[in-house]
Structure formats: C-alpha cells, structure tokens
Amino acid sequence: MSSILLLTSSPRPDSLSTKIATELAEKIKANNPGKTLVKRDLAADNLPHIDGPFTVAIRTPADARTPEQQELVKVSDALIDELLAADTLVIGTGLINFNIYSSLKTWIDNVARAGRTFTYTETGPKGLATGKKAYIVLASGGVYSEGPAAPLNHAVPYLKSVLGFIGITDVETVYIEGIAFGPEAVEKAIGAAQARASELALAA
C-alpha cells in the first residue's frame, strides 16, 4: 500500500509549518483513501547525528559489519525504509537562520546514503528514491519567496537540491510567510497557505 510520509521539524507547540504540513498531508490522504499516513516528528525524535563510527559502519558491507556497527546503522536503515516505502513526502520546517531546522538536517544526513538512496555511476550520482512527489511547507517571519530577501532563503533551494540528488524531482512549495508583521499578516499568511495546500491536495 502506498503511503504519505509527513515530516515535521519545528520544536514550537504552535508551529505553523507543522499545522499546515499536517493539514496538507491529511487532505492528500482524504482525497486518496487507499494511502496510509505515516507521521514523524523530528523535533521529538532526537535522531542521532552522524559521527566517525557511523561513517565507518555505512561504508562497511552489511554482511561484514560488527554487531556494534549494525546497531549504529539501525536507525538510518529504518528511516530509509520508511522513505522508500512512501510515494508522497510532506516536509514542514520553519526558516531558522535562513535555512532548515537542524532536526530536519539530521534526518537528511541519515537517509542520504550511497547504495540506499543514491548511487555513483560512470556519468555521476544517480538518485534511487524515485517515483515520489514531495511538498515543502516553509514558515517564516519575513517574506522570502520573492523580493529583496529571497536570496536569503537557503531552505527551499537546499531541500530541492538534496531531494533531487536522491531522485525526488517533483517538488511543490507552500509558503507561510510574513508572520512577524502582526495578527492580520498571520491570518493572511495562514489563509493563503491553506488555499495553496487545498489546491495541491486536490491535484495529488
């Protein structure tokens, strides 16, 4: 059965990126009742950061790993299996210091693995996590989708680059922006994001 993988990464209990990303994932599921919805709260998961022993372990053939090395890659393998099983990916993040939350970066470091989600070929790297649709939901205090601050938005270009590297090239973006400009701006941003999410869910 196909699945929707929802990744949220904000530590804020009132997170708008989590709110809109969850609504989008649930709307896609409602329009596609055959899909299952898998939720992963990266802010609460405390995934392990990659380190020296992990790097050695993933470069060791699976059948040659020590029990300790098998334990080190267990979480990464489970995250990759979860990703590969999904045909839809919904990612929610705030714009923090012009990029994504570190919890989401740690997830990426765990799933972007040679031999699992990409491989090296004579013509260059080739993504293995193909055939998926991805949605990025980005919340920000300022306006970064366009205008003078757009060059500071490293989150969406980075996510599109890394998703494309592992084979996910069909990517849509939902912005919740300008939320630092007062209650009216917040209401307008939420309304625009919800309308965009509904539009994308209907097309999914």
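Rules of the game
- Residues numbered from 1 in each chain as written.
- Predicted model: local features only at pLDDT ≥ 70, side-chain atom pairs only at ≥ 80, totals over all residues.
- Heavy atoms only, no water.
- Pairing = 2+ DSSP bridges.
- Helix = DSSP H or I, 4+ residues; strand = E, 2+ residues; numbered from the N terminus.
- Buried < 20%, exposed > 50% of the residue type's maximum accessible area, 1.4 Å probe, protein only.
- Contact = heavy atoms within 4.5 Å.
- Polar contact = N/O pair within 3.5 Å; in protein donor to acceptor, adjacent residues only side chain to side chain.
- UniProt positions renumbered as here; feature names shortened; annotations may be inferred.
- Phe/Tyr/Trp six-rings, centres within 6.5 Å; stacked < 30°, edge-to-face > 60°.
- Axes fitted to C-alpha atoms, helices over the stretch in contact; angles between N-to-C directions.
- Parallel < 35°, antiparallel > 145°, perpendicular 65-115°, else oblique.
- Left-handed = near helix turned anticlockwise from the far one by under 90°.
- Nonpolar A, V, L, I, M, F, W, Y, C, P; charged D, E, K, R; others polar.

### Details of the pairing of strand 4 (residues 118–121)
Judged from the four bridges that link them, strand 4 and strand 5 (residues 124–127) form a sheet pairing that is antiparallel. Looking at strand 5, one finds that Phe118 is bridged to Gly127. Counted along the chain from strand 4 to the antiparallel partner strand 5, the turn is two residues long.

### Here we look at the environment of Ser145
By secondary structure assignment, the location of Ser145 is in the loop between strand 6 (133–140) and helix 6 (155–165). For Ser145, a relative accessible area of 31% corresponds to the partly exposed category. Through-space distance from the C-alpha of Ser145 to that of Ile80 is 30 Å; in sequence the pair is 65 residues apart. The contacts of Ser145, once residues within four sequence positions are left out, are Ala150, Tyr175 and Glu177. Reaching out from Ser145, the side chain makes a polar contact with the side chain of Glu177 at a distance of 2.5 Å.

### So, the UniProt feature "domain: Flavodoxin-like fold" (unreviewed entry) in the chain
Residues annotated by UniProt as "domain: Flavodoxin-like fold" (unreviewed entry) correspond here to residues 3–199. Across residues 3–199 one finds 43% helix and 22% strand; the C-alpha atoms that close the span lie 20 Å apart.

### Thoughts on the packing of aromatic side chains
If you walk through the whole model with that rule in mind, you get three aromatic pairs. For the ring pair Phe118 and Tyr120, a centre distance of 5.4 Å and an interplane angle of 90 degrees mean the geometry is edge-to-face. On the basis of relative accessible area, Phe118 is assigned to the buried category, the value being 7%. Here the aromatic residues Phe118, Tyr120 and Phe165 are joined through ring pairs into a cluster of three or more.

### Comments concerning the packing of helix 5 (residues 102–111) against helix 6
Helix 6 packs onto helix 5 with a crossing angle of 15 degrees between their chain directions and a minimal axis gap of 12 Å. The orientation of helix 5 with respect to helix 6, classified from their angle, is roughly parallel. For the pair helix 5 and helix 6, the crossing hand works out as left-handed. Contacts between helix 5 and helix 6 involve Leu104, Lys105 and Ile108 from the first element and Tyr158, Leu159 and Val162 from the second. Split by residue class, the contact of helix 5 with helix 6 holds five nonpolar, no polar and one charged.

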